[in-house]
Every structure is written in C-alpha cells, then in structure tokens.
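Fold and geometry: a report
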Amino acid sequence: MYTAHTDRYADMPYRRTGRSGLKLPALSLGLWHNFGPDRPVDTQRAILRRAFDLGVTHFDLANNYGPPPGAAESALGEALKADFAPYRDELVISTKAGYLMWPGPYGEWGSRKYLLSSLDQSLTRMGLDHVDIFYSHRPDPETPLEETMGALHTAVQQGKALYVGVSNYSPEQTREAARILADLGTPLLIHQPRYSMLDRRPEETGLLDTLDELQVGSIVFSPLEQGLLTGRYLDGIPADSRAASDSPFLNSDRITEDLVRQLRALDDIAGSRGQSLAQLALAWVLRGGRVTSALVGASSPQQLEDSVAAIGNLEFSDEELARIEAVVKT
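Before going into details, it helps to say that this report is about the structure given with it. Computed from a predicted model, the values in this text were never measured in an experiment. (Residues numbered from 1 in each chain as written. Predicted model: local features only at pLDDT ≥ 70, side-chain atom pairs only at ≥ 80, totals over all residues. Heavy atoms only, no water.)

A few words on helix H7 (residues 207–214). Of the positions making up H7, those classed as buried are Leu207, Leu208, Thr210 and Leu211. When H7 is viewed along its axis, its buried side chains cluster within an angular range of 160° and face the same direction. Tucked into the core, H7 has its buried residues touching helix H5 (171–184), strand E8 (188–192), helix H6 (201–204) and strand E9 (217–220). Once H7 finishes, Gln215 follows within two positions and takes phi at roughly 60°, a positive value. (Buried < 20%, exposed > 50% of the residue type's maximum accessible area, 1.4 Å probe, protein only. Helix = DSSP H or I, 4+ residues; strand = E, 2+ residues; numbered from the N terminus. Arc of directions from axis to C-beta. Contact = heavy atoms within 4.5 Å.)

In structure tokens, the structure reads:
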C-alpha cells in the first residue's frame, strides 16, 4: 500500500489562483501523452506517486487524453482507487471537454448536452463524484457562449465541479466568458493557454494582461514546446524522438538549423544558471508570478524529478532575460 512522503509539502511553492482561495503547485502534472494502454501501468503509477511525493498536488486531464480517448482518465481512476483514496482531499483533479469523443453531432464542441454528458462520463472513468476544475477545452464557433458557460455553471450547481475554467480562448472570448459566469454567480477560475519561450502568443495577444485585469489564474501547457526545449534536439533529431515520428504535435520540418542554434544558445544560458534547458524553460514561464502553474508531462519518475528541480531557481536577472530575448527573437 502506497504511503505518501511526510515531507511532501516542504519544497514545492503553491500559488493562489487568481482571486480565488485555491492554490496550485508551481508545477502540475499533465496526463496528456503518457497514460494510455501503450505505457506500462507500473510506470504510470510510479509517476503519479513520485509527483505527489514531490508536492505536485494537481493532476490535469481531459476527456480525450490517452490514447485512446478516455484512457488517461481510466488510468487515473485505477490509481486513485489503489493509491490515493486516503489523499483525495489533498489533490486537485481537473478535466476538460471540447474535442471529439464519440460519433454524431453531440460528441464534441461546446453544447450543453455534450459538456454535461462528457463530464458524467469522465467522473465514471475516474470513479469520482466531482472534479475540482472542469474546463471548456475550446470555444465553439456555432454555440452561444452563454450556453457553454451555462453548462459549466450547471456542473458547479450540481456539485460535479468545484471550479470552472477555459482553455484555448482568445482574450476577447475570455473576457466575455468571465462576464457571463460572473452574472451566473460562478467565477471563472483559470485559463489554460499554450505558452513557452518559443510560443509567445499569450503575451502578444494580450491574454496575460487580460487575465491579470480579470484576476483569473493561468496554467500553461506545452512549456517545453513538445520536447523542443529539452536537451533532445541539441544535435538534431534523435531516431526515437517525437519529431522523428512526425507526430501531429511535432514534425521533423520544425527542426531547422536555425532552431538548433537557438536551442544550443538557450542551453548555454541554462548551464550558466546551473540548470538544464528544460528547467530553464519551466522557470522562465513561471518568472514573476504571472503564471499560476506550468503543466509538465513525464514518461518516467526521473523525468518528472528533473522538471520539478526547476523550482530551485525561478529568479532571473535582467541580463539573463535580455540574453534569452536576444536568442528567441533572432
């Protein structure tokens, strides 16, 4: 029987999410790629246990995570039953709905029917009566935002979610979603955008400014840019890498000579700080406190440990930030 480390809260910083009372760990565990039937169950369980032992109290999912869709939630459900039942009240568990889950007109996007049906399915897979955060995973261009936000509100009213969030919404959509939810009496807790040193859209579009103004939290995905901001591509494309497989999330065309030069320059900066490139990238998105938490994936407990070590140095000098800007803007 798993017993969590008694000192699990000793080192991880916890940040208040917007103006809510909920605090999230600076690093959260995303169950996107590594929790399907193609991965050993023992490894999955070891990652979850090590995460919690290191103070990572937030496990982030979506209905379609796996592969196949739903597999990650089922895997977490088994782990919750076997290992984490005594610790449920110490965990923040989130899920999302928005992408394709089943055939027909009611199996994706943002209708009330789809969102609430999907949440019921997610709770069944995880063996839970509620999640802590339920997200609209993407805006629906054909469904009124009032309906989508109304469904999130209903999930809270039914006791099936404690908080609600949005992901992949523009600043304007986020502002309107927050207004609708405020009128309903269910505040918008958090936004989950993609953000990294190589993907600056939350800055460029004004999303981070909007979240600051609305006092809404943020948890960023792909802070390591699908593995680019690790040491894997400093010498080109490894044969066993995601880029070599021409994954839909990262293909070999992305690995140009210019990009490799950038990655090597960033790795030099990381080395001067006593960090790996991945640790530098995570520390960078967490700098200054504007981002509440950064999502990391892991294929092994050791990889997770390397990511969590980033919290040891989250401060940047003006000179270091200028060096990073000079590299990524070239």
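Let us now look at the pairing of strand E3 (residues 27–30). Of the two faces of E3, the one lined by Leu27 and Leu29 and the one lined by Ser28 and Gly30 are each fully buried. The pairing of E3 with strand E10 (residues 293–296) spans three bridges and is parallel. Bridge pairing links Leu29 to Val296 in E10. Summarising the sheet, E3 and strand E4 (residues 58–60) pair through two bridges and their orientation is parallel. Bridge pairing links Leu29 to Phe59 in E4. Once you follow E3 into helix H1 (residues 41–53) and on to E4, the crossover reads as right-handed. (Pairing = 2+ DSSP bridges. Right-handed = clockwise from strand over helix to strand, strands pointing away.)

Before going further, it helps to examine the pattern of salt bridges. This structure, assessed with the given rule, holds 25 salt bridges. Of the charged contacts, one joins Asp38 and Arg39 as a salt bridge, the two residues approaching to 3.6 Å between their closest N and O atoms. For Asp38, a relative accessible area of 51% gives the class exposed. Glu78 serves as the salt-bridge partner of Lys81, at 3.8 Å between the closest nitrogen and oxygen. You can see Lys81 and its partner Glu78 sitting in helix H2 (residues 71–84), three residues apart, about one turn around the helix. Since its relative accessible area comes to 47%, Glu78 is described here as partly exposed. (Salt bridge = Lys/Arg side-chain N within 4 Å of Asp/Glu carboxyl O.)

With that out of the way, let us pick up the sheet that holds strand E6 (residues 131–136). What the eight strands build is a closed barrel, ordered E3-E4-E5-E6-E7-E8-E9-E10; its pairing is parallel. With strand direction ignored, the average angle separating the axes of adjacent strands in the sheet is 30°. Bridge count between E8 and E9: two bridges; the pairing is parallel. Across the sheet, residue Ile190 finds its bridge partner in E9, namely Gly217. On the sheet, helix H4 (residues 145–157) packs against E6 and strand E7 (161–167) and is oriented at approximately 155° with respect to E7. (Axes fitted to C-alpha atoms, helices over the stretch in contact; angles between N-to-C directions.)

Now for the packing of aromatic side chains. Following the criterion strictly, the structure yields nine aromatic pairs and no others. With a centroid separation of 5.4 Å and an interplanar angle of 45°, the aromatic rings of Tyr195 and Trp284 are classed as tilted. You can see Tyr195 sitting in the loop between E8 and H6 and its partner Trp284 sitting in helix H9 (residues 277–286), a full 89 residues away along the chain. An identical accessibility class is assigned to Tyr195 and Trp284; each is buried. Chaining the aromatic ring pairs together yields one cluster made of Tyr2, Phe52, Phe59, Phe84 and Tyr87. (Phe/Tyr/Trp six-rings, centres within 6.5 Å; stacked < 30°, edge-to-face > 60°.)

This part covers unusual backbone geometry. Each neighbour pair has its own omega, and for Gly66 with Pro67 the value is -5°, a cis peptide bond. Mapped onto the secondary structure, Pro67 falls in the loop between E4 and H2. In this chain, Pro67 is followed by Pro68 through a cis amide linkage whose omega measures -5°. Mapped onto the secondary structure, Pro68 falls in the loop between E4 and H2. In this structure, Asn168 takes a positive phi of about 65° despite not being glycine. Looking at the element boundaries, Asn168 is found in the loop between E7 and H5. Look at Glu225: it is not a glycine, yet its phi comes out positive at around 50°. Mapped onto the elements of the fold, Glu225 is located in the loop between E9 and helix H8 (257–272).

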